[in-house]
Amino acid sequence: MKKFIESFVNVWKIEELKNKILITLGMLVVYRFGAQVTLPGIDATKLQNLSTQTDQGIGWLINVFTGGAFSQASVFALGIMPYISASIVVQLMGIAIPYLQKLQKDGESGRKKINQITRWLTIGITLLQGPGYIYNLYKQLPGDAFLLGFNSFSFIFSSVIILTTGTIFAMWLGEKITDKGIGNGISLLIMVGILARLPQAFIQEFSSRVTENNGGPMLIVLEVIIWLLIIIACILLTMAVRRIPVQYARRTTTGDFEQDAMGGNRQWIPLKLNASGVMPIIFAQAIMFIPAAVAGLSTSDAAQTITTSFQNIFGWQYNLVFALLIIIFTYFYTAITVPTNKMADDLKRSGGFIPGVKPGVETGDYLDKIMSLLTFPGSLFLALIAVFPAIAVSLIGVQQGWAMFYGGTSLLIMVGVAIDTIQQINSYLLNKHYDGLMKSGKNRKAVA
């Protein structure tokens, strides 16, 4: 603990890193402040029905990713999710559209053009989602909650513009945190929104267990222990890698002759157990919204059964389909984000090889085989963590709000972003010859 405190103090000794942290904190405060600002024309004292809609189920998920802004009818009610959706669409389109494939290979200039396309697509998605959110307000709020009138065109038009502007501003904050702060701006905005809901969820669970005599403090302790064990499992899932040994030809000089000596520098190719991160869960959740929406268009008994089953995110039908979709999407997303053939070509061009495997096509096939073997247990582990909130509700009887932090996208995002942020800070400390936050020891001295 003493070494950790020393490393934490060293963070504030590096002027550049200190400024980046302060800039990041300042922008996060601005984002959280904006999440509390209600749309003009809505009475903020009459949002009870909207808050009730987001107490559990799918509404709770949406509200978590917007940091509570959805239930506040805030100017940031759509949050950063339209930008996430646009990024996913552009990434998937890059598989089939040659122009985007060319941009992906153009380095920095191509990346800037892709970012610009993503921004314009974000605006388009927000303009489509904005009216949907206003329609939801009309369904949930009483008529006297609309100060400009229930069907006022000026309210609808201005609200859509404000919601679009709020998303663009949140996107700008995320990009500035990435450029001027400590990085991972969009992910930090999402993580802060998730963390904002954590204290309330725990207080509700504590109140249910202690003040209502529903298990007592010992059960709360047990729940916290299980929660910490799940966090450790998420960390292991995020950090686990299979290291593939790679050797490079070492060029040596003898007199007037130069020759290659095999077995020179030895390095590793790290293949992650969960190379797809939380994207399979996000894809799966997007698909899980469809059955209930389609069935809701019909009034038949079968349609009502489907609607009920897929709106209950803690039901076994929902979670069985959810887990299967996560496994499928894990394979799909890993295949498009881990280009084993390109890795093999780059390795061959740089003079590297995997011992016992021929360079080129055979190396690509070998890496693809290893990646497939890794993806299977990784996808099962990811699916288990994703459905664990439902398991916690069924077996332990925890409150649904607190159960959502027992796994799924929320916990994986928090763990992943926390690890990335610590690694960013570590890189600055090590570059300035200090020990990182995760290492102990004396300050490192500069090498002359």
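For every chain, the first residue of the written sequence is number 1, and numbering continues from 1 onward in sequence order. Two thresholds apply to this predicted model, a pLDDT of at least 70 for residue-level local features and 80 or more for giving and counting side-chain atom pairs, whereas whole-chain, interface and lining totals are computed over all residues. Excluding hydrogens and water, the side-chain figures rest on all heavy atoms present in the structure.

What counts is decided by this rule: UniProt positions are given in the numbering used here, feature names are shortened, and annotations may be inferred rather than shown by experiment.
The name given to the chain in an unreviewed UniProt entry is Protein translocase subunit SecY, with Flavobacterium limnosediminis JC2902 as the source organism. Note on the chain: under the UniProt heading Subunit (unreviewed entry), the record states "Component of the Sec protein translocase complex. Heterotrimer consisting of SecY, SecE and SecG subunits. The heterotrimers can form oligomers, although 1 heterotrimer is thought to be able to translocate proteins. Interacts with the ribosome. Interacts with SecDF, and other proteins may be involved. Interacts with SecA." Regarding the chain, the relevant UniProt record gives this comment under Sequence similarities (unreviewed entry): "Belongs to the SecY/SEC61-alpha family."

## Observations regarding the overall build of the chain
Note the following rule: In this description a helix means any DSSP run of H or I spanning at least four residues, a strand means any run of E spanning at least two, and both kinds are numbered starting from the N terminus. Relative accessibility thresholds used throughout: buried, under 20% of the residue-type maximum; exposed, over 50%; partly exposed, between the two (1.4 Å probe, protein chains only). By definition, residues are in contact when any of their heavy atoms lie within 4.5 Å.
Per the secondary structure count, the chain includes 17 helices and five strands. Here the chain holds 448 residues, and the buried ones make up 45% of them. Across the chain, contacts joining residues at least 24 apart in sequence account for 69% of those joining residues at least 6 apart.

## A closer look at the nonpolar core
Here is the rule: Remark: nonpolar core denotes a set of buried residues (Ala, Val, Leu, Ile, Met, Phe, Trp, Tyr, Cys) joined through side-chain atoms within 4.5 Å. Here the bounds of each domain stem from an automatic or database domain assignment.
Among the nonpolar cores identified, the biggest contains 96 residues, and Y133, I134, L137 and F322 are the most heavily contacted of them. Ranked by residue count, the leading element in this core is helix α17 (residues 408-431), at ten residues. There are two domains that each give this core at least three residues, and those are domain 1 (7-181) and domain 2 (202-249 + 265-429).

## Some thoughts on the packing of helix α5 (residues 81-96) against helix α13 (residues 316-337)
Test applied: In this analysis an axis means a line fitted to C-alpha atoms, helices contributing only their contacting stretch, and an angle means the value between N-to-C directions, from 0 to 180 degrees. Note on terminology: angles under 35 degrees are roughly parallel, angles over 145 are roughly antiparallel, angles of 65 to 115 are roughly perpendicular, and the others are oblique. Handedness of each helix crossing follows the sense of rotation of the near helix against the far helix: counterclockwise by less than a right angle gives left-handed, clockwise gives right-handed. Any residue that is not Ala, Val, Leu, Ile, Met, Phe, Trp, Tyr, Cys, Pro, Asp, Glu, Lys or Arg is counted as polar, Gly included; the first ten are nonpolar and the last four charged.
Contact pair α5 / α13: the axes reach a minimum separation of 11 Å and the direction vectors enclose 65°. One element, α5, and the other, α13, form an angle in the roughly perpendicular class. Two packed elements cross with a definite hand, and for α5 against α13 that hand is left-handed. Between α5, through Q91, L92 and I95, and α13, the contact on the second element is made entirely by F332, Y333, I336 and T337. A class-by-class count of the residues in the contact of α5 with α13 yields five nonpolar, two polar and no charged.

## Structural notes on the pattern of salt bridges
So the rule is basically this: The rule for a salt bridge is simple: a side-chain nitrogen of Lys or Arg has to be within 4 Å of a carboxyl oxygen of Asp or Glu.
Inspection of every chain in the model, using the stated rule, returns seven salt bridges. Across the salt bridge formed by E175 and R119, the nearest N and O atoms sit 3.1 Å from each other. Highlighted residues: E175 in helix α8 (residues 153-180) and R119 in helix α7 (residues 107-140), separated in sequence by 56 residues. Residue classification places R119 among the partly exposed residues on the basis of a relative accessible area of 24%. Of the charged contacts, one joins R209 and E223 as a salt bridge, the two residues approaching to 2.9 Å between their closest N and O atoms. In this pair, R209 sits in helix α9 (residues 185-211) while E223 sits in helix α10 (residues 216-239), placing the two residues 14 residues apart along the sequence. The residues R209 and E223 share a single accessibility class, namely buried.

## What to know about the confidence of the model for the chain
Going by this rule: Confidence of the prediction at every residue is given by pLDDT, a number between 0 and 100.
In the predicted model, the chain carries a mean pLDDT of 81, and 88% of its residues have values of at least 70. Averaged pLDDT values for the elements of the chain fall to 40 in strand β3 (residues 257-261) and rise to 90 in α8.

## So, the environment of L195
When you line up the elements, L195 lands in helix α9. Sequence separation between L195 and M414 is 219 residues, and the spatial gap between their C-alpha atoms is 8.0 Å.

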